Amino acid sequence: MLALTQILAAELGPHGVRVNAVAPGYTLSDGLKARIAKGERNPEAIQATTALRRFVEPRDVAEAALFLCSDRAASITGVTLPVDAGWLVQAPYAQYLQGNPIRPTPAI
């Protein structure tokens, strides 16, 4: 999706067409709510994997798409906007907090 968004932005930009994408994280959709209700998903565990400790609401995704389609984003093209409550930043940070398994932190 990233590459396609960028290629189309480069190809269509000279024609005045902007191409962007929205990449949502765990969105509290009806489908996810049903899985939570059935015990197939643990909401606390999912929220703990995000920097903001919350689910993405469907409205959050819609607002991001609306922004990218608006004149306020007139100079933005070729971008994939994560709407993930910080999941992309939390995953590597959580790994960092666990320490480097190759070079353990020396005892103090």
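Above this note sits the structure.
Read on for a plain summary of the structure.

Turning to the environment of Asp-30, a few remarks are in order. The residue Asp-30 is located in helix 2 (residues 30–37) in this model. Given the relative accessible area of 64%, Asp-30 is considered exposed. Note: C-alpha distance between Asp-30 and Pro-58 (28 residues apart in sequence) is 9.7 Å.

Let us look at the pattern of salt bridges. Counted according to the given criterion, the structure contains two salt bridges. A salt bridge links Asp-60 to Arg-54; its shortest N-O distance comes to 3.2 Å. By relative accessible area, which is 26% here, Asp-60 ends up partly exposed. Under the relative-accessibility criterion, Arg-54 is labelled partly exposed at 34%. The closest approach of N and O atoms between Arg-59 and Glu-63, which form a salt bridge, is 3.3 Å. Within this pair, Arg-59 and its partner Glu-63 are both found in helix 4 (residues 58–69), separated by four residues, close to a single helical turn.

If you look at the biggest cluster of nonpolar residues, it comprises five residues: Val-56, Val-61, Ala-64, Val-83 and Ala-85. What Ala-85 contacts, discounting residues up to four positions off in sequence, is Thr-50, Ala-51, Leu-52, Arg-54 and Val-56.

To continue, consider the environment of Leu-88. Tracing the sequence through the fold places Leu-88 in helix 5 (residues 87–97). The class of Leu-88 is partly exposed, set by a relative accessible area of 49%. C-alpha of Leu-88 to C-alpha of Thr-49: the two residues are 39 residues apart in sequence and 9.1 Å apart in space.

Turning to a nonpolar patch on the surface, a few remarks are in order. Among the surface-exposed residues, Leu-4, Leu-8, Leu-12 and Val-17 lie close enough to one another that they form a single nonpolar patch of about 300 Å² accessible area. Relative to the helices and strands, Leu-4 resides in helix 1 (residues 2–12). By relative accessible area, Leu-4 is classed as exposed at 53%.

This part covers the environment of Gln-95. When you line up the elements, Gln-95 lands in helix 5. By relative accessible area, Gln-95 is classed as partly exposed at 48%. Linking Gln-95 and Ala-85, residues 10 residues apart in sequence, is a C-alpha distance of 18 Å.

Basis of the calculations
- Residues numbered from 1 in each chain as written.
- Predicted model: local features only at pLDDT ≥ 70, side-chain atom pairs only at ≥ 80, totals over all residues.
- Heavy atoms only, no water.
- Helix = DSSP H or I, 4+ residues; strand = E, 2+ residues; numbered from the N terminus.
- Buried < 20%, exposed > 50% of the residue type's maximum accessible area, 1.4 Å probe, protein only.
- Salt bridge = Lys/Arg side-chain N within 4 Å of Asp/Glu carboxyl O.
- Core = buried A, V, L, I, M, F, W, Y, C linked by side-chain atoms within 4.5 Å.
- Contact = heavy atoms within 4.5 Å.
- Patch = residues over 30% accessible without salt bridge, like charges linked within 9 Å, V, L, I, M, F, W, Y side chains within 5 Å.
- Areas by Shrake-Rupley, 256 points an atom, 1.4 Å probe, with all protein chains shown as cover.

The values reported here are purely geometric and, on their own, carry no functional implication.
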